[in-house]
Number of protein chains: 4
Amino acid sequence: MRLDIAPSTNPSDYGFCCRIRPRFAETDAMGIIHHANYLLYFEQGRVEYLRSVGFPYTAIRDDGIDFAVIEAFVSYRRPLQFDDPVDLYVATAAATRTSLQMAYLATVEGEVRASGITVHGVVDSETGRPRRLPDWVHRLVTPAAGSIPSP
Amino acid sequence: MRLDIAPSTNPSDYGFCCRIRPRFAETDAMGIIHHANYLLYFEQGRVEYLRSVGFPYTAIRDDGIDFAVIEAFVSYRRPLQFDDPVDLYVATAAATRTSLQMAYLATVEGEVRASGITVHGVVDSETGRPRRLPDWVHRLVTPAAGSIPSP
Amino acid sequence: MRLDIAPSTNPSDYGFCCRIRPRFAETDAMGIIHHANYLLYFEQGRVEYLRSVGFPYTAIRDDGIDFAVIEAFVSYRRPLQFDDPVDLYVATAAATRTSLQMAYLATVEGEVRASGITVHGVVDSETGRPRRLPDWVHRLVTPAAGSIPSP
Amino acid sequence: MRLDIAPSTNPSDYGFCCRIRPRFAETDAMGIIHHANYLLYFEQGRVEYLRSVGFPYTAIRDDGIDFAVIEAFVSYRRPLQFDDPVDLYVATAAATRTSLQMAYLATVEGEVRASGITVHGVVDSETGRPRRLPDWVHRLVTPAAGSIPSP
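Computed from a predicted model, the values in this text were never measured in an experiment.

Calculation notes
Residues numbered from 1 in each chain as written. Chains lettered and ligands numbered in written order. Predicted model: local features only at pLDDT ≥ 70, side-chain atom pairs only at ≥ 80, totals over all residues. Heavy atoms only, no water. Contact = heavy atoms within 4.5 Å. Buried area = accessible area lost by both parts, 1.4 Å probe. Salt bridge = Lys/Arg side-chain N within 4 Å of Asp/Glu carboxyl O. Polar contact = N/O pair within 3.5 Å; in protein donor to acceptor, adjacent residues only side chain to side chain. Helix = DSSP H or I, 4+ residues; strand = E, 2+ residues; numbered from the N terminus. Nonpolar A, V, L, I, M, F, W, Y, C, P; charged D, E, K, R; others polar. Pairing = 2+ DSSP bridges. Axes fitted to C-alpha atoms, helices over the stretch in contact; angles between N-to-C directions. Buried < 20%, exposed > 50% of the residue type's maximum accessible area, 1.4 Å probe, protein only.

Colleague: So what exactly am I meant to see when it comes to the interface of chain B and chain A here?
Modeller: Interface size is commonly expressed as the accessible surface area that is lost when the partners come together. Listed per partner, the contact involves 21 residues of chain B and 21 residues of chain A. Each partner contributes to the roughly 1,900 Å² buried at the junction of chain B and chain A, and carbon and sulfur atoms together form 62% of this total. In this structure, the connection of chain B to chain A is made through zero salt bridges. Where chain B meets chain A, there are six residue pairs in polar contact (both at pLDDT 80 or more). Elements supplying a minimum of two residues to the side of chain B that touches chain A: α1 (37-52), α2 (57-62) and β3 (65-76) of chain B. The greatest single-element share of the side of chain B that touches chain A, amounting to nine residues, is contributed by β3 of chain B. A breakdown of the residues in the side of chain B that touches chain A according to their chemical character gives 13 nonpolar, three polar and five charged.

Colleague: Before we go on, may I ask you to explain the sheet that holds strand β2 (residues 16-20) of chain C in this structure?
Modeller: The strands making up a sheet associate through hydrogen bonds between their backbones, and the pairing can be parallel or antiparallel. The strand order across the open sheet formed by 10 strands is β2(C)-β4(C)-β5(C)-β6(C)-β3(C)-β3(D)-β6(D)-β5(D)-β4(D)-β2(D), and the pairing between neighbours is antiparallel. Since the sheet does not close on itself, it has two edges, and those belong to β2 of chain C together with β2 (16-20) of chain D, each with one partner. Pairwise comparison of adjacent strand axes, ignoring direction, gives a mean angle of 25° for this sheet. For strand β4 (residues 86-95) of chain C and strand β5 (residues 99-108) of chain C, the ladder comprises nine bridges, and the chain directions are antiparallel. For V86 of chain C, the partnering residue across the bridge sits in β5 of chain C and is V108 of chain C.

Colleague: Would you take a moment to explain the pairing of β4 of chain C for this structure?
Modeller: When a strand is regular, its side chains alternate between the sheet's two faces. All names here are of chain C. For β4, the buried fraction is high: nine of the 10 residues fall into the buried class. Of the pairings in the sheet, the one linking β2 to β4 comprises five bridges and is antiparallel in character. Bridging across to β4, F16 finds its partner in V90. Counted between consecutive antiparallel strands, the loop separating β4 from β5 contains three residues.

Put into structure tokens, the structure is as follows:
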């Protein structure tokens, strides 16, 4: 699966939200949060989201599978600042037999700051070979979080 | 400008290459380089590239402008490992009046590991307001590094 | 001021505690949290601690001063793991006219994992020149958190 | 072994030097390199140093041992800036039967910016249990790089 959806910028399209506070170490000399750190926030949100739906990442890894990142996309609207009370929305937006697409939306006091998509392939932790997506992932899919972009 | 090109996976489409060695600190518990670090390598390559064409980033910032990241995309083909001798290819693939798209390709001993695009808007360092792209950026554009994806 | 105390490994010597969950991105290929990240946790704890005593870091910076790090020390007892529920204890352990020493203790379910000290000089945000320590810092000092090491 | 030496600030006390260029991502909102990143530079220098003496870190790990970090100390003299041409000096300053102390010195155009010590225990990669220090480490020790601090 290739990245083929755009993340919704409407919080109500997402079923999960957690609070993140960007660290001072994550700022850069422009005085804002460095752009690479958004992928860390997305991952942190993904971990909290999976915990909330009853499949903590540590349990997934104990099952012998990993959700390897195949593609990642971030859209930066307005910079995050140190210590901003970030609401990070997370959803599983699409899934195939061996991969899934997660959507992310970061807002501060209701204002959209960034959004993104990560595409994951399910792989065997030992061999790295593709594995079938667990059934419970399919049940999490909320298509509204990721729309097909108009050409 | 929105991200609208795909990075070439052919090294000869790029006019610049530098060597990067992923740090041990950049590995993760899967034993590979964590996916967020690729954006750091792209940035490091961008800095080396701008230095090589006579416009070091420190000089650009002294001119009162920043190349703010608007969008970023990474495609992960095969994981980078600690201490891999990474050849990172960098090119300016497209430009408009106020923004540019940079393309990146990471190979190890000729094997494609990852590629990506970053979209930058030129902004005033003080006010953050959009500014016109310097003329020298237009002269750097090598369209072969970024093709328009087929629908 | 030079670092001249050792951090207490007794949680009850500290007046503040916050919860930190190490991110997956912060693990390394040894399968544990990379040692450099402990300084990030200490900083995050420092920020939460200062907020809790009524002097949020953003307000301190708005006052035109920074707590520049002069020295840092970390003792690693047992590795932190991804997603560990870390209790991070923080205290101001010593202060002089222009500098302070903060002590840190990281435990997981009561077991000591790491401890450390950071030494800070108060500097002017603009000029970087030394400034006097604000009075409120002196009132926070809890000497039990940092003992003088035996020779 | 506990950290019991202070790093020399004299480059000629070190037998190895490599060049490091701090990344833009490693700056913070104070406009300088964030203090946690110095541990990354030390590690990068350690890796280059071990390669230069014929024991690349990947080979050491293939031998089934790791140099686990037990303690770390950094002294920050003058801030590193983005893209500074940093000369990082590295030496093995002390060793016992199961541990070693490495010393580091970072200069820019001859000016001391920072120095530090890391203490490492040799452990089995699989079990994490202490192992004997390889003989070749003892032959690397250059005591001048780490002096015993006066009380």
